[in-house]
Amino acid sequence: MNDINWGELSFGYMKTDYNVRSYYRNGKWSELEISDSEQVTMHIASTCLHYGQEAFEGLKAFRGKDRKIRIFRMRDNALRLQASSRGVKMAEFPVEMFERAVLEVVKRNERFVPPYESGASLYIRPLLIGTSAQVGVKPGNEYLFMVFATPVGPYFKTGFKPTPYIIIRSFDRAAPQGTGTIKIGGNYAASLAAGEIAHEKGYSAVLYLDAKEKKFIDECGPANFFGIKNNTYITPRSASILPSITNKSLMVLAEELGIRVECRPVPVEELATFEEAGACGTAAVISPVSRIDDIEEKKSYVFSSDGTPGPVCLKLYNKLRAIQYGDEEDKYGWVTVL
Ligand SMILES: *Cc1c(COP(=O)(O)O)cnc(C)c1O
């Protein structure tokens, strides 16, 4: 059996028992195949290696107090992978097969789903890559879809704690008419250099501004951004933001809690008016923001100076986690119980 120290897990890769694969050839996806290998063999000229035909997803499975396993909003991830695939001209993987593949991976790696009490979860990583041997720049005609899973620790080992972010204007993650709205490796490659600068300076991530005018807030590293003021949840709308499923869920829960929701362009100066701010995504649900430093403009926006998250961030975080772990009723049909 397992000798995993669930309390010591980080957000890293650990070998699990099985992964699932499907191959696209001659215009058709193959039936799902179960593999116990961590390796992929592919042609040296595969389009994913040269021209970035690659998209991925990230979702989680949680074990409840009742010991049942719950998967959060997998259909939304299936649909988003299709949108990403269209964006880089790859074959779309059917939603129904995506859901079956995720269920299969979770079932076959059930012994890696952390216990309820640990606050850890099983991270599920579906990906789709172009495998056609090609040197000319054009979309391929062979693809490989895979799903693997790995247990990950609670994001906040030391509790739900606000951390600082930095505005850097000399890098863009994505362009307004580029690929920012789809979940592809290329966007991450474009963000690594600025991300490293932020980390070296002691920040969690870069708060990107819109690439065209540098007037509006875009994304917060690999997460969406939101601010809270006057009982309102405000999240940027732009042509280069990845539609976060966590953000979408928080907007629904905010309304349920009687908090107004605004999704609109957010000017940088508006940061000065927010009572709370956060980054959101599957990895952490919410990472509260303690402070945003705008070094070029010699400004610092402070949201938490005592190391504690704001009340709205805390309420939203607890509510979403409660649905994911099955502590609260799944009113919106977000959860698939295994
Ligand atoms: C995946 C991702 C997010 C978060 O999306 P979730 O569906 O909430 O996990 C936000 N921004 C970027 C750039 C991402 O790639």
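Per chain, residue numbering runs from 1 following the sequence as it is written. Where local features are concerned, this predicted model is filtered to residues with pLDDT of at least 70; where side-chain atom pairs are given and counted, the filter is 80 or more; whole-chain, interface and lining totals use all residues. Based on all heavy atoms of the structure, the side-chain values leave hydrogens and waters out of the count.

1. Concerning the site of the ligand
Near, as used in this document, describes a residue that has one of its heavy atoms within 4 Å of the molecule or strand being considered. Among the 14 residues in the neighbourhood of the ligand, the closest are listed as Lys183, Tyr188, Ser244, Thr246 and Thr282. A distance of 2.8 Å separates an oxygen atom of the ligand from a polar atom in the side chain of Arg80. For the purposes of these results, a polar contact is taken to be a pair of N or O atoms within 3.5 Å, where, inside protein, one atom must be able to donate a hydrogen and its partner to accept one; residues adjacent in sequence count only when each atom of the pair is a side-chain atom. Contacts to the ligand include Tyr188, whose side-chain N or O atom sits 2.5 Å from an oxygen atom. If the ligand stood free it would expose 390 Å²; the protein chains cover 95% of that surface. Think of a 1 Å grid over the protein atoms and nothing else: a 1.4 Å probe that fits but is trapped marks a cavity, an open set flanked by protein within 12 Å on at least five of seven lines marks a pocket, and residues with an atom within 4 Å of a point count as lining. For a cavity or pocket, the test is whether more than half of a molecule's atoms lie within 2 Å of its grid points; if they do, the molecule sits there. With respect to the detected pockets, the ligand is housed in the largest pocket. Residue classes in the shell around the ligand are distributed as five nonpolar, five polar and four charged. Here the accessible surface of atoms and residues is derived via Shrake-Rupley with a 1.4 Å probe, and residues count as covered only by protein chains that are part of the display. Only Asp, Glu, Lys and Arg are considered charged, only Ala, Val, Leu, Ile, Met, Phe, Trp, Tyr, Cys and Pro nonpolar, and every remaining residue, Gly among them, polar.

2. Notes on the packing of aromatic side chains
Two aromatic rings, drawn from Phe, Tyr or Trp (for Trp, its six-membered ring), form a pair once their centres lie within 6.5 Å of each other, and the interplanar angle then sorts them: stacked below 30 degrees, edge-to-face above 60, tilted otherwise. Applying the stated criterion across every chain, the model contains 15 aromatic pairs. Summarising the aromatic geometry, the rings of Tyr24 and Tyr143 are spaced 6.0 Å apart at their centres and angled 55° between planes, so their arrangement reads as tilted. Highlighted residues: Tyr24 in strand E1 (residues 19-25) and Tyr143 in strand E8 (residues 143-152), separated in sequence by 119 residues. For the pair formed by Tyr24 and Tyr143, the shared burial category is buried. Ring centres of Phe72 and Trp334 lie 5.7 Å apart, and the angle between their planes is 80°; on these two criteria the pair is classed as edge-to-face. Of this pair, Phe72 sits in strand E6 (residues 69-72) while Trp334 is found in the loop between helix H6 (311-324) and strand E18 (335-337), placing the two residues 262 residues apart along the sequence. One aromatic cluster in this structure is built from Tyr24, Trp29, Phe93, Phe98, Tyr143 and Phe145. Arg108 extends its terminal NZ or CZ atom over the ring of Tyr18, reaching a point 5.7 Å from the ring centre. Helix numbering and strand numbering both begin at the N terminus, where a helix is a DSSP run of H or I of at least 4 residues and a strand a DSSP run of E of at least 2. For every residue, the accessible area (1.4 Å probe, protein chains only) is compared with the maximum for its type, and the residue is labelled buried under 20%, exposed over 50%, or partly exposed between those bounds. For a Lys NZ or an Arg CZ to count as sitting over a ring, it must be within 6 Å of the ring centre and within 35 degrees of the ring normal.

3. A few points about the domain arrangement of the protein
Many structure descriptions define interface size as the accessible area lost when the parts assemble. Taken domain by domain, the protein holds domain 1 (6-152) and domain 2 (163-325). In this structure, domain 1 and domain 2 have C-alpha centres spaced 26 Å apart. For this analysis, residues touch if any pair of their heavy atoms sits within 4.5 Å. In this complex, domain 1 contributes 27 residues to the contact, which on the side of domain 2 involves 18 residues. Summed over both partners, the accessible area lost on bringing two parts together, with a 1.4 Å probe, is the buried area. Here domain 1 packs against domain 2, burying approximately 1800 Å² in sum over the two surfaces, 63% of which is carbon and sulfur. Take a side-chain nitrogen of Lys or Arg and a carboxyl oxygen of Asp or Glu: if they are within 4 Å of each other, that pair is a salt bridge. Between domain 1 and domain 2 we count one salt bridge in total. With its nearest N and O atoms 2.9 Å apart, the salt bridge here joins Asp76 to Lys248. Marked domain ranges trace back to an automatic or database domain assignment.

4. Things to note about the pattern of salt bridges
Pairing is possible between side chains of opposite charge, provided their charged atoms come close. Scanning all chains against the criterion turns up 22 salt bridges. Among the salt bridges present, the one from Glu270 reaches Lys229, with a minimum N-O distance of 2.9 Å. Here Glu270 is found in the loop between strand E14 (260-264) and strand E15 (276-281), whereas its partner Lys229 is found in strand E12 (residues 224-229), with 41 residues between them in sequence. The two residues Glu270 and Lys229 agree in class, both being buried. Residue Glu262 pairs with Arg264 through a salt bridge whose shortest N-O separation is 2.8 Å. The structure contains a network of salt bridges with shared partners spanning Lys229, Glu262, Arg264 and Glu270.

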